[in-house]
Amino acid sequence: MGACQLKSTGAAARVAVPEVRLRHHCRTTSRRAGPNAHLRSSRGCPATRKAPGPRRVWVRPAATGSNGRDSSGARSLLVLEGDSRVGVAVVRKLLEHGDEFRVSTTVSPEGASGTHAKALAALQVAVHEQNYEAAATARPDVIVSCIDSRRRCGAVHERNQVFVDAALELGASTFVFISSVGAGDSSDALPGPAKETMKAVMSDKYIAERYLSSKQGLDHLVLRCPPLNDIASDGEVGRPTLTEDPMAYGWITPAGVADLVYGCLSSDRLEMGRTYSAVDQNTIFVTNPFLRPLEAHECVPFEPTPI
């Protein structure tokens, strides 16, 4: 989820409305009565809200051969660019569940010079260079891509494609791609200034999304994340959630993204082959008709996806 561009997107959002101060949103807060109160459902949200459609249950395929589970029952998992801001948080979260995952990671081309390389070095995890040999060595059943654009157009699709092809060739069962809100049909969720400045980067990420979804025989998820929260600590989880609504927008912390990744991999009811937007329910913004934080008395403007 390109940490660099997301930080700038968040900055652009704040510059657009300097007079607005962030308010934390809580769905349990009492709501103001209004002229449309009679239209609200028992949950306190508009009765016109579209109900979620039927979802099929995803049963994770049993791993076989040299991939999949080792003798302890843990699934082999490779995190791409574990030295990115989000990648470090994902690696740390999955290492907490060593009974479920045998984690290894690749590092970005910048290697030890990367901003978060020291944080990754402090974790007890196998590290590989970012190339096909890393996948061949790790033989992962699951790949989680945290590849960052590093502000170089084409970098995400170019690097991600190598591992999508490797996953198919080596028999991996699941590929999770961390993309960004603003890619594809979520472009209108971005504030106007960010939409223009991030256009090339978002186009690159959308190409990567389409390439992944075009491959048959590989279960996949695309998680589009909004700008990273520069106010909260990177280790603060918040209240992260997923939704299929492409217009969901706000901030999220790296730990919040990691929590969602683990939730997706552990879920027995999340539908695969889909694209979800991730957002922290504490920091939701509304970008139409202008950028503003969601007020405490308002309904969350999207339907959360249970995982």
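For the structure, see preceding data.
Residues numbered from 1 in each chain as written. Predicted model: local features only at pLDDT ≥ 70, side-chain atom pairs only at ≥ 80, totals over all residues. Heavy atoms only, no water.

### Topic: the side chain of S76
Reasoning step 1: Mapping S76 onto the fold places it in strand β1 (residues 75–80).
Reasoning step 2: Reaching out from S76, the side chain makes a polar contact with the side chain of R102 at a distance of 3.3 Å. (Helix = DSSP H or I, 4+ residues; strand = E, 2+ residues; numbered from the N terminus. Polar contact = N/O pair within 3.5 Å; in protein donor to acceptor, adjacent residues only side chain to side chain.)

### As for the pairing of strand β5 (residues 174–180)
Reasoning step 1: For β5, the buried fraction is high: seven of the seven residues fall into the buried class.
Reasoning step 2: In this structure, strand β4 (residues 142–145) lies alongside β5, joined through four bridges in parallel fashion. Along β5, the bridge assignment pairs I143 with F175.
Reasoning step 3: Direction of pairing for β5 relative to strand β6 (residues 219–225): parallel, over a ladder of seven bridges. Counted as the bridge partner of F175 is H220 from β6. (Buried < 20%, exposed > 50% of the residue type's maximum accessible area, 1.4 Å probe, protein only. Pairing = 2+ DSSP bridges.)

### So, the sheet that holds β4
Reasoning step 1: Strand order in the open sheet made by the nine strands is β3-β2-β1-β4-β5-β6-β8-β7-β11, with mixed pairing throughout. One side of each edge strand has no neighbouring strand; the edge strands of this open sheet are β3 (126–128) and β11 (304–305).
Reasoning step 2: In this sheet, strand β8 (residues 274–280) lies alongside β6 in parallel orientation, the contact comprising four bridges. Note that in β8 the partner of L221 across the bridge is R274.
Reasoning step 3: Packed on one face of the sheet, helix α7 (residues 199–213) meets β5 and β6 and runs near 160° to β5. (Contact = heavy atoms within 4.5 Å. Axes fitted to C-alpha atoms, helices over the stretch in contact; angles between N-to-C directions.)

### Some thoughts on the layout of surface pockets
Reasoning step 1: Its boundaries defined by the atoms lining it, the second largest pocket holds a volume of some 230 Å³.
Reasoning step 2: Listed by contribution, the elements that provide at least two residues to the lining of the second largest pocket are α2 (85–95) and α8 (254–266).
Reasoning step 3: Considering every element that reaches the lining of the second largest pocket, the biggest residue donor is α2, with five residues.
Reasoning step 4: Looking at the lining of the second largest pocket, its residues break down into seven nonpolar, three polar and six charged. (1 Å grid on protein atoms, 1.4 Å probe; cavity = no way out; pocket = protein on both sides within 12 Å on 5 of 7 lines; lining within 4 Å. Points joined across faces, edges and corners; volume = space filled by probe spheres on them. Nonpolar A, V, L, I, M, F, W, Y, C, P; charged D, E, K, R; others polar.)

### Description of the environment of R210
Reasoning step 1: Within the element layout of this structure, R210 appears in helix α7.
Reasoning step 2: With relative accessibility at 53%, the residue R210 sits in the exposed group.

### Overview of the packing of α2 against α8
Reasoning step 1: Relative to each other, α2 and α8 sit at 50°, their axes nearing to 8 Å. Between α2 and α8, the crossing angle belongs to the class labelled oblique. Crossing of α2 against α8: the hand is right-handed. When α2 is examined against α8, the residues R85, V86, A89, V90, K93 and L94 are found in contact with a partner set consisting of P254, A255, V257, A258, D259, V261, Y262 and L265.
Reasoning step 2: Each residue belonging to the contact of α2 with α8 can be placed in one class, and the counts come to 11 nonpolar, no polar and three charged. (Parallel < 35°, antiparallel > 145°, perpendicular 65-115°, else oblique. Left-handed = near helix turned anticlockwise from the far one by under 90°.)

### Quick look at the pattern of salt bridges
Reasoning step 1: The final tally for this structure, using the stated rule, is 11 salt bridges.
Reasoning step 2: One salt bridge connects R75 with D141, and the closest N-O pair in it is separated by 2.7 Å. Placement of the pair is R75 in strand β1 and D141 in the loop between α4 (132–138) and β4, with a sequence separation of 66 residues.
Reasoning step 3: For R75, a relative accessible area of 3% gives the class buried.
Reasoning step 4: In this structure, R159 and E81 form a salt bridge, with 2.6 Å as the shortest nitrogen-oxygen distance. (Salt bridge = Lys/Arg side-chain N within 4 Å of Asp/Glu carboxyl O.)

### Concerning the packing of aromatic side chains
Reasoning step 1: Scanning the entire structure with this criterion turns up two aromatic pairs.
Reasoning step 2: Pairing F101 with Y262 gives two aromatic rings, centres 6.3 Å apart and planes at 85°, and the pair type is edge-to-face. Here F101, found in strand β2 (residues 101–106), pairs with Y262, found in helix α8; they are 161 residues apart in sequence, far enough to count as distant. Residue F101 shares its accessibility class with Y262, and that shared class is buried. (Phe/Tyr/Trp six-rings, centres within 6.5 Å; stacked < 30°, edge-to-face > 60°.)

### Concerning unusual backbone geometry
Reasoning step 1: Of note in this structure, E81 is not a glycine but carries a positive phi near 60°.
Reasoning step 2: Inspection of the secondary structure assignment puts E81 in the loop between β1 and α2.
Reasoning step 3: Among the residues examined, E81 registers a relative accessible area of 0% and is labelled buried.
Reasoning step 4: Even without being glycine, R139 reaches a positive phi, approximately 45°.
Reasoning step 5: On the basis of relative accessible area, R139 is assigned to the partly exposed category, the value being 28%.

### Considering α8
Reasoning step 1: The terminal C-alpha atoms of α8, which comprises 13 residues, lie 18 Å apart, in line with the 18 Å expected from a rise of 1.5 Å per residue.
Reasoning step 2: By the criterion of burial, α8 is predominantly enclosed, with 11 of the 13 residues buried.
Reasoning step 3: Along α8, the positions that sit buried rather than exposed are P254, A255, G256, V257, A258, L260, V261, Y262, G263, C264 and L265. (Expected span 1.5 Å × (residues − 1).)

Coordinates in, geometry out; function isn't part of it.
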